[in-house]
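Architecture at a glance
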Amino acid sequence: MVKSPSLTPFLRSTVERTDFGFLGNKYEGKVRDVYQPTPGQSILIATDRQSAFDIPWCTIPLKGQVLNQLSAWWFTRIADVMPTHVLAVPDPNVMVVKKLTMVPVEIVVRAYLTGSTGTSAWVNYEKGVRNFCGNVLPEGMRKNQKFADLIITPTTKGEHDELIERAGIIERGLSTAKQWEEISDRALALFRRGQQIALERGLILVDTKYEMGYDEDGTLTIADEVHTPDSSRYWVASSYEQRFAEKKEPESLDKEFFRLWLREQGFDPSLRSGQALSSGSGQVYGKPKPEITDDVRVMLAARYIDLYERMTGETFTPPTDTDVPARIERNLRAYIAEPVAA
Ligand SMILES: Nc1ncnc2c1ncn2[C@@H]1O[C@H](COP(=O)(O)OP(=O)(O)OP(=O)(O)O)[C@@H](O)[C@H]1O
Ligand SMILES: [Mg+2]
């Protein structure tokens, strides 16, 4: 287990954004910088940017490395379930991938009734929604309860995610009925594999978001990231039942922790940032956004690393070179000069 003091040197060398003109045009996602060196390839650089509720907050030391390495680890463990976009991993923060024509829908698979964002199952259920993206949910369920079967709750891919159901996807031409059948079938198969491997490591894969696309031969391929703490929720399996019985929140090892922490500080995502923040019983107006201190950033880094180690069973090795951006540039210049599969 990584001790927090060993992470402190990395507070000053986080990867906030990159500017590598030698890699071609850049697209900035919420977390990844995406370059296109050739028409068929994309280079995904996992930065340390931390967003929540669609708002960028801060950087978390070494988070990009954890995300990229954990995603790479998972891609090798699902490659028999469906083709993956991975071509090479030339640096701990970098994945070279096949550029795909993306399905403009995020495929969310859920095993439990939980969440804290506007598109999450629990927030909608609490509001009285019983038909959630075409999934009929029974009365009387409690927060964090397991669904009888896995459910798929797709969202459109855009500036802000919007819930959609199968019929809407097909009506709007986002995929054909036949394509959606394959997409949802593969998403369930990926999730079952994820649940099985996570459980072997004492973890519950609670829910996750997949992105898929078609390669130049028209083959459906899994893209982006897989089963990372940014795209998934994970709970500790051994304590789940008892905590659920006692109406306590599960021990969570993912970004949900940060969302709940923001709420505890009085941040209310249902209000636009900077407008009003709710605190306990009342509304406090004009309070600034919660300050993310270095202590909080290090604690979040330790959480990401903890999940990496539990999931992979391997010790996370912080880099020997504390100048992470410089290392990434060095490795990418070498890769571009002589591309080799990792
Ligand atoms: N193989 C691929 N081919 C084409 N695009 C891809 C591929 N894999 C991932 N992407 C895209 O690259 C981007 C990765 O960036 P990131 O993960 O930060 O995005 P995001 O968090 O989904 O936010 P945004 O919605 O702003 O893109 C996403 O837009 C994703 O859809
Ligand atoms: Mg993404």
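The residue count restarts for each chain, going from 1 along the sequence in the order it is written. As a convention, the first chain written is A and the first ligand written is 1, with the rest following in written order. The model is predicted, so local features are restricted to residues of pLDDT at least 70 and side-chain atom pairs to those at 80 or more, both for listing and for counting; the totals for chains, interfaces and linings are taken over all residues. Heavy atoms throughout the structure, all of them, feed into the side-chain values; hydrogens and water do not.

**Observations concerning the site of ligand 1**
Throughout, the term near means that a residue has one or more heavy atoms lying within 4 Å of the molecule or strand in question. Lining the immediate surroundings of ligand 1 are 16 residues, of which Y27, V31, R32, K98 and E211 lie closest. In this structure, V31 approaches ligand 1 through a main-chain N or O atom, which is 2.7 Å from an oxygen atom. Accessible surface is estimated by sampling points in the Shrake-Rupley manner with a 1.4 Å probe; for residues, cover comes only from the protein chains shown. Against a free-state accessible area of 610 Å², the protein chains account for coverage of 89% of ligand 1. Where the shell around ligand 1 is concerned, the elements lending two or more residues are strand 2 (32-38) and strand 7 (94-98). Polarity classes work like this: nonpolar for Ala, Val, Leu, Ile, Met, Phe, Trp, Tyr, Cys and Pro, charged for Asp, Glu, Lys and Arg, and polar for all others, with Gly in that last group. Across the shell around ligand 1, the residue classes break down as seven nonpolar, two polar and seven charged. A 3.5 Å cut-off defines polar contacts: any pair of N or O atoms within that distance qualifies, except that in protein one atom must be a possible hydrogen donor and the other a possible acceptor, and neighbouring residues in sequence count only when both atoms are side-chain atoms. Think of it this way: any DSSP run of H or I at least four residues long counts as a helix, any run of E at least two long counts as a strand, and we number them from the N terminus.

**Description of the packing of aromatic side chains**
Two rings from Phe, Tyr or Trp (for Trp, the six-membered ring) form a pair when their centres sit within 6.5 Å of each other. Planes less than 30 degrees apart are called stacked, planes more than 60 degrees apart edge-to-face, and all others tilted. With the rule as written, the count across this model stands at 13 aromatic pairs. Plain terms: the ring middles of Y112 and W235 are 5.1 Å apart, the flat faces sit at 65 degrees to each other, and that makes the pair edge-to-face. Placement of the pair is Y112 in strand 9 (residues 105-112) and W235 in strand 18 (residues 232-236), with a sequence separation of 123 residues. Pair check on accessibility: Y112 and W235 agree, each one buried. Judged by centre distance (5.5 Å) and plane angle (10 degrees), the ring pair of W235 and Y240 falls under stacked. Burial classification: accessible surface area is computed with a 1.4 Å probe over protein chains only, and a residue below 20% of its type maximum counts as buried, one above 50% as exposed, and the rest as partly exposed.

**Regarding helix 7 (residues 294-312)**
One less than the number of residues in a helix, times 1.5 Å, gives the span that helix is expected to have. Helix length check: helix 7 (19 residues) gives 27 Å between terminal C-alpha atoms against 27 Å at 1.5 Å per residue, within 8%. Buried residues dominate helix 7, accounting for 14 of its 19 residues. Once helix 7 finishes, G313 follows within two positions and takes phi at roughly 75 degrees, a positive value.

**Describing the packing of helix 1 (residues 63-78) against helix 4 (residues 177-200)**
Contact geometry for helix 1 and helix 4: axes closest at 11 Å, N-to-C directions at 115 degrees. As judged from the angle between their axes, helix 1 and helix 4 are roughly perpendicular. Remark: the crossing between helix 1 and helix 4 carries right-handed chirality. For the pair helix 1 and helix 4, contact is made by W73, W74, R77 and I78 and by L190, R193, G194, I197 and A198, respectively. Of the residues in the contact of helix 1 with helix 4, the class split is six nonpolar, one polar and two charged. Whenever a helix is involved, its axis is fitted only over the stretch in contact; in every case the axis is a line through C-alpha atoms, and angles between N-to-C directions fall within 0 to 180 degrees. Here the angle decides the label: under 35 degrees means roughly parallel, over 145 means roughly antiparallel, 65 to 115 means roughly perpendicular, and every other value means oblique. Handedness of a crossing follows from how the near helix is turned relative to the far one, being left-handed for an anticlockwise turn of less than a right angle and right-handed for a clockwise one. Residues count as neighbours in contact if any of their non-hydrogen atoms are within 4.5 Å of one another.

**What to know about the confidence of the model for the chain**
The pLDDT averaged across the chain works out to 91; a share of 93% of its residues lies at or above 70. The pLDDT score gives, residue by residue, the confidence of the prediction method on a 0 to 100 scale. Here residues 273-286 is a poorly scored stretch, pLDDT under 50, and it has 22 contacts once near neighbours within four places are set aside; other chains count.

**Topic: the pattern of salt bridges**
Here, a salt bridge means any Lys or Arg side-chain nitrogen found within 4 Å of an Asp or Glu carboxyl oxygen. The final tally for this structure, using the stated rule, is 27 salt bridges. Across the pair D207 and R233 runs a salt bridge, and its minimum N-O distance is 2.7 Å. Highlighted residues: D207 in strand 15 (residues 203-210) and R233 in strand 18, separated in sequence by 26 residues. Residues D207 and R233 agree in their burial class; the two are buried. Each member of the salt-bridge network shares a partner with another, and the members are E16, R17, K26, E28, D33 and R49.

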